[in-house]
Amino acid sequence: MRVLSLILMIFLIPDLALSQYRITSVPVLIEPLDTRYYSTGNAMVSFINSGGGNYINPATLDHNGIPTIKYFLDTFGTNQDVIEIRLQNFYTGASFGNFDISLSYLDLRSSFSEEAIVLSEPYKDNVIKITGAYIFKNGLRAGFGVNYLKSDIGNEQVYVDREYNPAKSVFFDLGIQYHKTYPYRDETWLLTPSYGLSLTNFGKAVSYYDGISDPLPTKLRMGTGMSVKYGQESFGLRPLEMNGSLAVSKFMVRNEMEMIETNGRTDSVYVAMNPFKALIRSWGNYKWNDGLEEQTATIVDQLIFHTGFEVIFYETLSIRVGYQKASEVNMPYTFQAGGFGINLGYLSFDYSEYFYPDGRGNDRGSTWNLTVRIPLNDKKPRSILNHILN
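Draft legend 1. Focus on the overall build of the protein chain. Of the regular secondary structure elements, the protein chain holds five helices and 21 strands. Burial statistics for the protein chain: of 390 residues in total, 53% are counted as buried. A sequence separation of at least 24 residues applies to 61% of the contacts in the protein chain between residues at least 6 apart.

Draft legend 2. Molecular detail of unusual backbone geometry. With phi around 65 degrees, E187 is a residue other than glycine that occupies positive phi space. Note that E187 resides in the loop between strand 7 (182–184) and strand 8 (189–203). Taking the relative accessible area as the measure of exposure, E187 reaches 49% and is therefore partly exposed. One non-glycine residue, E315, adopts positive backbone phi at about 55 degrees. Within the secondary structure layout, E315 lies in the loop between strand 17 (303–313) and strand 18 (317–326). According to the relative accessible area criterion, E315 is buried, its value standing at 17%.

Draft legend 3. The packing of aromatic side chains, seen in detail. Tallied over the full model, the rule gives 12 aromatic pairs. A ring pair is formed by F340 and F349, whose centres lie 6.4 Å apart and whose planes are at 50 degrees; its orientation type is tilted. What makes F349 partly exposed here is its relative accessible area of 29%. Of the aromatic side chains, those joined through ring pairs into one cluster are Y71, F90, F340, F349, Y351 and W368. Above the plane of the ring of Y55 lies K129, whose end atom (NZ or CZ) is 4.5 Å from the centre. Cation over ring: K219 sits above F251, and NZ or CZ is 5.0 Å from the ring centre.

Calculation notes
- Residues numbered from 1 in each chain as written.
- Predicted model: local features only at pLDDT ≥ 70, side-chain atom pairs only at ≥ 80, totals over all residues.
- Heavy atoms only, no water.
- Helix = DSSP H or I, 4+ residues; strand = E, 2+ residues; numbered from the N terminus.
- Buried < 20%, exposed > 50% of the residue type's maximum accessible area, 1.4 Å probe, protein only.
- Contact = heavy atoms within 4.5 Å.
- Phe/Tyr/Trp six-rings, centres within 6.5 Å; stacked < 30°, edge-to-face > 60°.
- Lys NZ or Arg CZ within 6 Å of the ring centre and 35° of its normal.

The structure is reproduced here in structure tokens:
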């Protein structure tokens, strides 16, 4: 998983490379912690009704009036098993009229074998996210999220002359989404185009050492999608649904040079640019070093492209494929994925396999979600079990 690649980048690349925006703090925030989104290439910026929306676009929250509890797990490590990462996300959400709200708790922990000499202590991240979405009558949705972070990289070796402290931060997410359904051929088919835009992880830079700061992985996402459903129900369920999505994303961060004093001497270091300033400056080209020579990253080089496709049979079985493509400057973010989901209404299970050909050794892994829906006030989820058991 690219989280691991970025952790290694942060601690193994020399200080000169810190001028590149690719080096951000808290890399675990870069992608949504949801198996459905993962297996569709993180392309579903405009699709509603998935708990992972609180990480990719808060406006897409939709629990359909049914309280929801979700657990996400991802475990992975290097090819040499030097570092092992365990990532968990606990999620709960509910609807109140036109308002949806969710609360999630992210926990990331690392463990190291005797060969791991880079980090002196385990890496730990904890994030609490509170996200809300409001549904307007015209099909427009708006979302907002507030997050609290505590990050402990457990590292006392990078800057031996500076005091280390675990980082704490409060940051925000914003998003909008619009969709409208059009009947086709006397409602034999229902076509629903959708559009989404979000800005996530926007906030003040994170600092572990006095005078040294790294930007949060602030990300701008734009996407569109099309949902095609067979309009006639069978056994009270729609026999076929197809969802296709395209999206593009970009990191909205920059570092800049600053002079600081350390033990009586003046040093030049790269620090995170003010996040509001970075929103403007991020649209330009920049220089970066690939380890051999200086390169120029154009605006196109900085974009990451996403595509995903999903087929759902009888609202129960889902088959998914996805692809995320990045240029050389963002190479750790290129991956392929596929997976499936089984939705029984009250209980659903999602599984995904992913593959990162990032040039540092092929990184393969898997993730899964377990979701529980609690029917209240006679509001029951649509489920094939209702017809099998009756």
